[in-house]
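# Analysis of the macromolecular model
Here is how the chains run, residue by residue.
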Amino acid sequence: MHDNPFRPGFGISPPMLAGRDALLDEWREVFGLGAWSPYRAALVTGMRGVGKTVLLNAVEDAALARDWTVVHGTLHAGLIDGLEHDRLPAMLQEQDPQARTREVTGLTVPQVGGLRTEVKERYEREPRLESMLARLVELGEERGAGVLVSLDEVAKESLDQLRRIAIAVQHLMREDRRIAIVAAGVPASIAAALDADGLTFFRRAQQVRLDTLTLSETRAALAEPVRTRGRAIGEQALERAARASQGYPYLVQSIGARAWEYTPSTEEITTDAVQHAVEVAHAAMGESVIVPALRGLSSRDRDYLLAMAEDDGPASTAEVGERMGASPGTAGRQRARLLDAGIIVAPARGSVDFAIPLMREHLRAHPHDAQLGLPTAARDTFRA
Ligand SMILES: Nc1ncnc2c1ncn2[C@@H]1O[C@H](COP(=O)(O)OP(=O)(O)O)[C@@H](O)[C@H]1O
Ligand SMILES: [Mg+2]
């Protein structure tokens, strides 16, 4: 009867997208008839679980509401191939009255030795991405709209794919066509994209660094969906849930969902329900967020985090270096890499703190997680 409104997980839009209204207004400007906006090319970054994907979803919705065409993609090795051979032709087929006569399709060559692949490749190398995107923009402009290219999960391994798309988009932007691009990724991936050859275009893009939610945004993200679905949450329970989430959107949904389902048929979500939800949600943070975040790091990076975890709050960079037995230069490099990766923050000069809630507690409870991939005591028992 009372469906759970909360959406724990990744990439699933929440019942209330808290704290992003002002930001979304910037994009609404892009899709309206307003003046040129720097958000026409934007890079969204922030740590895992902060809400990059659901923000992209909301930006796409804003574009669709203005009749723009949305070309959405998740970056991986086969993205361009999929766009050129499948998605863009399908979109053109749907929108373009002349699609059938324009398309070069259905090329059949008898399979004789290596001939087939040779001929096929010659056609595939044509810059079809550019021309198809240009045609989509043309069709969008005819309706008084444009095309939004929305790319998620920017990663070092697929920068070549990003480059191809960036070149096509940049070309159309130079001609002052109605095209916009937004790309999202964790800070280390966005930093790599900004450094890469052929992607200088993005250095002029609007940088959007997503932060965790404020306490009042968090309270709204929890309370509003509960009230909309006809249930209630008391002041104390709400405050406890909001504080335990630390404004981290992933935890807001995770705690909200578990508090809801504790006694789903009663009217009120009690402090007991919240207490239980917080315990379960916090325990699940390791597997869902912290371990995946540690996975991409080097063992030196993880040593740095373990040294930081000895403090109850922000750690002094000098002390962390000493604990690691590292020279200031080496420790400084680790610090820079972890800042780039969005794993730590620098709250003040000379100090560092964890960016992801509960990482300190997790590392203290499971120090071996910091040595992922290295032999653990259990694995050692199988040796020799
Ligand atoms: N502004 C927000 N308000 C409420 N919940 C949010 C908000 N942003 C994200 N969430 C929730 O947080 C979780 C993670 O969001 P997601 O976009 O997948 O993060 P990312 O892509 O940055 O890893 C999802 O369950 C989503 O519903
Ligand atoms: Mg995401």
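Structure: see above.
Residues numbered from 1 in each chain as written. Chains lettered and ligands numbered in written order. Predicted model: local features only at pLDDT ≥ 70, side-chain atom pairs only at ≥ 80, totals over all residues. Heavy atoms only, no water.

This part covers the overall build of the protein. Check the secondary structure of the protein and you find 17 helices and ten strands. Burial analysis of the protein (384 residues in total) assigns 47% to the buried set. Pairs at least 24 apart in sequence give 75% of the contacts found in the protein among residues at least 6 apart. Here the protein displays about 19,300 Å² of accessible surface, and carbon together with sulfur accounts for 50% of that area. (Helix = DSSP H or I, 4+ residues; strand = E, 2+ residues; numbered from the N terminus. Buried < 20%, exposed > 50% of the residue type's maximum accessible area, 1.4 Å probe, protein only. Contact = heavy atoms within 4.5 Å. Areas by Shrake-Rupley, 256 points an atom, 1.4 Å probe, with all protein chains shown as cover.)

Considering all chains together, one arrives at five aromatic pairs under this definition. With 5.1 Å between their ring centres and 50° between their planes, F201 and F202 make a pair best called tilted. Using a relative accessible area of 7% as the deciding quantity, one classes F201 as buried. It is R48 that lies over the ring of F10; its NZ or CZ is 4.2 Å from the centre. (Phe/Tyr/Trp six-rings, centres within 6.5 Å; stacked < 30°, edge-to-face > 60°. Lys NZ or Arg CZ within 6 Å of the ring centre and 35° of its normal.)

R7, G11, I12, G49 and K52 are the nearest of the 22 residues found near ligand 1. At 3.4 Å, a backbone N or O of M16 approaches a nitrogen atom of ligand 1. A distance of 2.9 Å is found between an oxygen atom of ligand 1 and a backbone nitrogen or oxygen belonging to V54. Mapped onto the shell around ligand 1, the elements with two or more residues apiece are helix 2 (52–65) and helix 11 (249–262). Taken together, the residues of the shell around ligand 1 break down into twelve nonpolar, six polar and four charged. Viewed by domain, the shell around ligand 1 spans two of them, domain 1 (21–209) and domain 2 (215–293), each represented by three or more residues. (Near = heavy atom within 4 Å. Polar contact = N/O pair within 3.5 Å; in protein donor to acceptor, adjacent residues only side chain to side chain. Nonpolar A, V, L, I, M, F, W, Y, C, P; charged D, E, K, R; others polar. Domains from an automatic or database assignment.)

Okay, helix 9 (residues 215–228) next. Here helix 9 is 14 residues long and its end C-alpha atoms lie 20 Å apart, about the 20 Å a rise of 1.5 Å per residue gives. Each element contacted by the buried residues of helix 9 is listed here: strand 6 (232–233), helix 10 (235–245), helix 11 and strand 7 (268–269). Looking one or two residues past helix 9, G230 carries a phi angle of roughly 80°, positive in sign. (Expected span 1.5 Å × (residues − 1).)

The next thing to look at is the nonpolar core. Grouped together as the largest cluster of nonpolar side chains are 79 residues, with contacts concentrated most on W27, F31, L305 and M359. Sort the elements by how many residues they give to this core and helix 12 (residues 271–295) lands first, with ten residues. Residues contacting L305, with those up to four places away along its chain left out, are L294, L297, L338, I343, I344, F354, M359 and L363. L43, L136, V149 and A193 belong to the second-largest nonpolar core, a separate cluster that totals 40 residues. (Core = buried A, V, L, I, M, F, W, Y, C linked by side-chain atoms within 4.5 Å.)

With that out of the way, let us pick up the sheet that holds strand 4 (residues 179–185). Hydrogen bonds between backbone groups are what pair the strands of a sheet, and the pairing can be parallel or antiparallel. Read across the open sheet, the five strands follow the order 2-3-4-1-5; overall the sheet is parallel. The open sheet has two free edges, formed respectively by strand 2 (69–74) and strand 5 (206–209), since each of these has just one partner strand. Across the sheet, the mean angle separating the axes of adjacent strands is 15° when strand polarity is ignored. Both strand 1 (residues 41–45) and strand 4 contribute to a ladder of five bridges, which runs parallel. Bridge pairing links L43 to A183 in strand 4. (Pairing = 2+ DSSP bridges. Axes fitted to C-alpha atoms, helices over the stretch in contact; angles between N-to-C directions.)

Strand order across the open sheet formed by three strands is 8-10-9, with antiparallel pairing between neighbours. Every other strand in the sheet has two partners, leaving strand 8 (315–316) and strand 9 (344–348) as the edge strands with one partner each. For strand 9 and strand 10 (residues 351–354), the ladder comprises three bridges, and the chain directions are antiparallel. Paired with A348 across the bridge in strand 10 is S351. Set on the sheet, helix 13 (residues 299–308) makes contact with strand 8, strand 9 and strand 10; between it and strand 10 the angle comes to about 95°.

A word on unusual backbone geometry. With phi around 60°, E153 is a residue other than glycine that occupies positive phi space. Judged by its relative accessible area of 47%, E153 falls in the partly exposed class.

What follows is about helix 12. Residue pairs three or four apart in sequence face the same way in an α-helix, which turns once every 3.6 residues. The terminal C-alpha atoms of helix 12, which comprises 25 residues, lie 35 Å apart, in line with the 36 Å expected from a rise of 1.5 Å per residue. At M285, helix 12 shows its largest bend, some 45°. (Bend = angle between axes of the 7 residues up to and from the residue.)

Here we come to the pattern of salt bridges. Oppositely charged side chains can form a pair if their charged atoms are brought close together. In the structure shown here, the tally under the stated rule is 18 salt bridges. Among the salt bridges present, the one from E175 reaches R177, with a minimum N-O distance of 3.9 Å. Residue E175 is classed as partly exposed on the basis of its relative accessible area, which comes to 44%. We classify R177 as buried; its relative accessible area is 18%. Connected through shared salt-bridge partners, R219, E235, E239 and R243 make up one network. (Salt bridge = Lys/Arg side-chain N within 4 Å of Asp/Glu carboxyl O.)

Next up on the list: the environment of V169. Position of V169 relative to the elements: it lies in helix 7 (residues 159–174). Residue V169 is classed as buried on the basis of its relative accessible area, which comes to 0%. With 21 residues separating them in the primary sequence, V169 and L148 have C-alpha atoms 9.8 Å apart. With residues up to four places along the chain from it excluded, the contact list for V169 reads L133, V149, I179, I181 and F201.

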